[in-house]
Amino acid sequence: MKLYHYVHCPFCVRVRMACGHLNIPFQSNVLPYNDEETPLSLTGVKMLPITEIDGTPMNESLDIIEKIDTDNTFHMAELKKEYASLEELLDRIGRDVHSLAMPYWIWTPEFNEQSRKYFQNKKEKKRGPFKDLVHNKNKFITNLNETLAIIETKLTPYFENEVFSIKDILIAAHLWGMYVVPEFQFSVKMHHYLQDVARICHFNYHEDFWR
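So, here's what we can say about the structure.

Parameters and conventions
All residue numbers here refer to positions counted from 1 along the written sequence of the relevant chain. With the structure being a predicted model, the display of local features is reserved for residues of pLDDT at least 70 and the display and counting of side-chain atom pairs for 80 or more, all residues being used for whole-chain, interface and lining totals. Based on all heavy atoms of the structure, the side-chain values leave hydrogens and waters out of the count. Helix and strand labels come from DSSP, where a helix needs a run of H or I of at least four residues and a strand needs a run of E of at least two; each type is numbered from the N terminus. Multiplying 1.5 Å by the residue count of a helix minus one yields the expected span of that helix. Exposure is judged per residue with a 1.4 Å probe applied to protein chains only, and the accessible area is read against the type maximum: over 50% gives exposed, under 20% gives buried, and values in between give partly exposed. Contacts are residue-level and defined by heavy atoms, with any inter-residue pair within 4.5 Å sufficient. Each cavity reported here is a set of points on a 1 Å grid over the protein atoms alone in which a 1.4 Å probe fits but cannot get out, each pocket an open set with protein on both sides within 12 Å along at least five of seven lines, and each lining residue one with an atom within 4 Å of a point. Grid points are joined across faces, edges and corners, and a volume is the space filled by probe spheres set on the points. All residues other than Ala, Val, Leu, Ile, Met, Phe, Trp, Tyr, Cys, Pro, Asp, Glu, Lys and Arg, Gly among them, are scored as polar; the first ten of these are nonpolar and the last four charged. The salt bridge criterion pairs a side-chain nitrogen of Lys or Arg with a carboxyl oxygen of Asp or Glu, the two atoms within 4 Å. To qualify as a nonpolar core, a set must consist of buried Ala, Val, Leu, Ile, Met, Phe, Trp, Tyr and Cys residues joined through side-chain atoms within 4.5 Å.

Helix length check: helix 10 (residues 188-200), at 13 residues, gives a terminal C-alpha distance of 18 Å against a target of 18 Å (1.5 Å per residue), a fit within 8%. Buried residues of helix 10: Met190, Tyr193, Leu194, Asp196, Val197, Ala198 and Ile200, and no others. Where helix 10 is buried, its residues meet helix 1 (10-22), helix 8 (137-153) and helix 9 (166-175). Phi turns positive, to about 50°, at histidine 202, one or two residues after helix 10.

The following block contains the structure:
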């Protein structure tokens, strides 16, 4: 299996975590963010992650996970029935995480000068200047902490469950990028939860990028 992905992308991270938990090896292809040709040639849209299995490409992270989960470990059919309520929570996380982390993501080794400019220009059209996001970081941190407090009440010790599930991958994938933000710190409980999910999924944020 080939996986085309971005290191920072939470939808890509969830596929990497799923592969790690399922012990599925893959050929990693980290694309520069300004590479439009590769995803367009594979699926017709500039959207990652993309997997290519036996020469057949596909995107959409949940569909990919369902495809590779041949033993139905994650019970994806059941997840999709109740995904609307979880998606609302993930969207709430994403609004603040992206506003906080994007100005820092562009200075990680994943980006060079060209892809950095491409990413920043594209994202600023939606969210405004990155310098304003940084100046308003306290507002986003307050909002995110309120969301994290809600999540913590549902950790028993995993999200709404006594055992690890696909929901934990989806939540952890959306939060993992916050570790790059120097002004932010997870609570002890949330940090231990995220590290436990990473352990279960044999996940290291940058290890795959440096293969």
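So, next bit.
The computed volume of the largest pocket comes to approximately 750 Å³. Contributing to the lining of the largest pocket are 29 residues, with Cys9, Phe11, Met47, Leu48 and His98 lying nearest its centre. Looking at the lining of the largest pocket, the elements with two or more residues in it are helix 1, helix 3 (61-68), helix 5 (83-105) and helix 6 (113-127). Tallied by class, the residues present in the lining of the largest pocket amount to 14 nonpolar, five polar and 10 charged.

Quick look at the pattern of salt bridges now. For the coordinates displayed, the defined rule picks out seven salt bridges. Residue lysine 117 is joined to glutamate 113 by a salt bridge in which the shortest nitrogen-to-oxygen separation is 3.3 Å. With a gap of four residues between them, lysine 117 and glutamate 113 both fall in helix 6, about one helical turn apart. Residue lysine 167 pairs with glutamate 160 through a salt bridge whose shortest N-O separation is 3.3 Å. By sharing partners, the salt bridges in this structure join Glu82, Lys154, Glu160 and Lys167 into a single network.

Residues Met17, Phe74, Leu144, Ile151, Leu175, Met190 and Tyr193 are the most contacted members of the largest nonpolar core, which totals 69 residues. Considering each element in turn, this core owes the most residues, 10 residues, to helix 5. With sequence-adjacent residues up to four places away left out, leucine 144 is seen in contact with Ile93, Asp96, Val97, Leu100, Leu175, Met178 and Phe184.

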